[in-house]
Amino acid sequence: EQDLSEDIHGRFVYVQDRNSKQTWTTTYQPTQVVADEEQVVHGMGYTRFDRSVHGIATRQTVFVPRDLNAEVWLIEIENLRDERAELTLCSAVDW
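The following paragraphs examine the structure supplied in this document. (Residues numbered from 1 in each chain as written. Predicted model: local features only at pLDDT ≥ 70, side-chain atom pairs only at ≥ 80, totals over all residues. Heavy atoms only, no water.)

As a further point, take the pattern of salt bridges. Applying the stated criterion across every chain, the model contains five salt bridges. With a shortest N-O distance of 2.8 Å, Glu-38 and Arg-51 are connected by a salt bridge. In this pair, Glu-38 is assigned in strand β3 (residues 37-43) and Arg-51 in strand β4 (residues 46-53), connecting sequence segments 13 residues apart. In this structure Glu-38 comes out as partly exposed when scored by relative accessible area, which is 44%. A salt bridge links Arg-59 to Asp-50; its shortest N-O distance comes to 2.6 Å. In this structure Arg-59 comes out as partly exposed when scored by relative accessible area, which is 32%. In this structure Asp-50 comes out as buried when scored by relative accessible area, which is 13%. (Salt bridge = Lys/Arg side-chain N within 4 Å of Asp/Glu carboxyl O. Helix = DSSP H or I, 4+ residues; strand = E, 2+ residues; numbered from the N terminus. Buried < 20%, exposed > 50% of the residue type's maximum accessible area, 1.4 Å probe, protein only.)

The strand order across the open sheet formed by three strands is β2-β1-β7, and the pairing between neighbours is antiparallel. Looking at the sheet topology across the chains shown, the edges are occupied by β2 (23-25) and β7 (87-94). Between one strand axis and the next, the sheet turns through 30° on average, direction left out of account. (Pairing = 2+ DSSP bridges. Axes fitted to C-alpha atoms, helices over the stretch in contact; angles between N-to-C directions.)

Right, dumping it as structure tokens:
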């Protein structure tokens, strides 16, 4: 039986380093990987998740446009490492 109080269900973007095989998400849940830096901003009509994990900075901005029946996810990635990073991204719904 689903327990919504656990806060582990939802829509997520997974990031995997193809060399080290380390996997984390653009938000704390569901992997619960602790970020080197993390900030969540709630603004007028949007929420933004900024995280830096294993030398990779991600920004996920989520909003619903006024004129569309849709939820928009903008994902930005920055490599903070000195070397090239090979990443795989995957979105998933866990309900």
